Amino acid sequence: LSDKDQGIRASVGATELRLSDDVDLVELVVVDVRARGEDGALLVWLPEVEIGLSLRALLRGMIAVARLEATAPHLVLVRREDGSIGLQGADGRAGGEIDLGPLVAALLRPPDPGDRANYFERLEVVGGDLSLADARSGQRPEARDAELILQRQVDGLGGNLAFSLEQANGPAAVRLSARYDAADDWIRFRLEVDRLVPAGLAGLAPELPLGGIALPV
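Residues numbered from 1 in each chain as written. Predicted model: local features only at pLDDT ≥ 70, side-chain atom pairs only at ≥ 80, totals over all residues. Heavy atoms only, no water.

## A word on the pairing of strand 9 (residues 122-134)
Note on strand geometry: in a regular strand, side chains alternate between the two faces of the sheet.
Okay, so step 1: In this sheet, strand 9 lies alongside strand 5 (residues 65-71) in parallel orientation, the contact comprising 5 bridges. Considered in strand 9, the bridge of Glu69 is made with Glu124.
Okay, so step 2: Pairing analysis gives 6 bridges linking strand 6 (residues 74-79) to strand 9, with the strands arranged parallel. Its bridge partner being in strand 9, Leu75 is matched across the sheet by Leu130.
Okay, so step 3: Here strand 9 pairs with strand 10 (residues 142-153) via 7 bridges, running antiparallel. Within the sheet, the bridge partner assigned to Gly128 lies in strand 10 and is Ala146. (Pairing = 2+ DSSP bridges. Helix = DSSP H or I, 4+ residues; strand = E, 2+ residues; numbered from the N terminus.)

## Considering a nonpolar patch on the surface
Okay, so step 1: Together, Ile187, Phe189, Leu191 and Val193 give the surface a local cluster of nonpolar side chains, amounting to about 410 Å² of exposed area.
Okay, so step 2: Structurally, Phe189 can be placed in strand 13 (residues 186-194). (Patch = residues over 30% accessible without salt bridge, like charges linked within 9 Å, V, L, I, M, F, W, Y side chains within 5 Å. Areas by Shrake-Rupley, 256 points an atom, 1.4 Å probe, with all protein chains shown as cover. Salt bridge = Lys/Arg side-chain N within 4 Å of Asp/Glu carboxyl O.)

## Describing the nonpolar core
Inside soluble globular proteins, nonpolar side chains tend to come together where they are buried.
Okay, so step 1: Ranked by size, the top nonpolar core spans 16 residues in total, and within it Val33, Val44, Leu46, Val49, Ile51, Leu68 and Ala70 carry the most contacts.
Okay, so step 2: Counting only elements with at least two residues in this core, the list comes to strand 3 (25-36), strand 4 (42-54) and strand 5.
Okay, so step 3: The element contributing the most residues to this core is strand 4, with 6 residues.
Okay, so step 4: Not counting residues up to four positions away in its chain, the partners in contact with Leu46 are Asp32, Val33, Ala70 and Pro73. (Core = buried A, V, L, I, M, F, W, Y, C linked by side-chain atoms within 4.5 Å. Buried < 20%, exposed > 50% of the residue type's maximum accessible area, 1.4 Å probe, protein only. Contact = heavy atoms within 4.5 Å.)

## A closer look at the layout of surface pockets
Okay, so step 1: There is about 230 Å³ of room inside the second largest pocket.
Okay, so step 2: Taken together, 12 residues form the lining of the second largest pocket, with Leu107, Arg109, Arg152, Gln153 and Val154 sitting closest to its centre.
Okay, so step 3: Residues belonging to the lining of the second largest pocket are distributed by class as follows: 6 nonpolar, 3 polar and 3 charged. (1 Å grid on protein atoms, 1.4 Å probe; cavity = no way out; pocket = protein on both sides within 12 Å on 5 of 7 lines; lining within 4 Å. Points joined across faces, edges and corners; volume = space filled by probe spheres on them. Nonpolar A, V, L, I, M, F, W, Y, C, P; charged D, E, K, R; others polar.)

## Quick notes on the pattern of salt bridges
Okay, so step 1: For the coordinates displayed, the defined rule picks out 11 salt bridges.
Okay, so step 2: Where Arg67 meets Glu121, a salt bridge forms, and the shortest distance between an N and an O atom there is 3.3 Å. Placement of the pair is Arg67 in strand 5 and Glu121 in the loop between helix 2 (100-107) and strand 9, with a sequence separation of 54 residues.
Okay, so step 3: The shortest N-O distance in the salt bridge between Glu192 and Arg190 comes to 3.3 Å.
Okay, so step 4: Residue classification places Glu192 among the partly exposed positions, given a relative accessible area of 37%.

Below you can see the structure in the form of structure tokens.
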């Protein structure tokens, strides 16, 4: 779970090994997972994580995560001034960030049996809270009951994100489905919203005429 390239160190409170219905996996249940940056800042705390280890990788003498399911985390995404996205520690300490770009790029690299990222298949996060610290606008939207699924596919990546966005006039339901086609280098997505007030997001996207839409959609 640690990543030397980004200076991420992970620790766990306890583990439990169990058999999987999938013959290609060995399952671990891990509790109290904490990932810290180079400066010791807490980046991610996960109360419980189910980890599926690839048997194919184990047969090659390598430990590689194929599937990861996390329950009830609190994650803080940061959008920097240049528009790039990272994962920030909940305490907001400087330097306590993970750059998500290289992590996604690793999933899109050509198949390499010697690369641990090559064995990753699926990420699922349920029941979590999500915050967006936006350096451009200074806003910090909060989302509850977030569910994220990221699935590796033969020719790209697919994913779904659903959450309840906190607003002054009550929460809004947001659901985003996306698929990246590596052959065409193209992203297709579908956005569904219910009771969302666009004016509340005007600061996040000033190039869009959202400020005048004060009614829920």
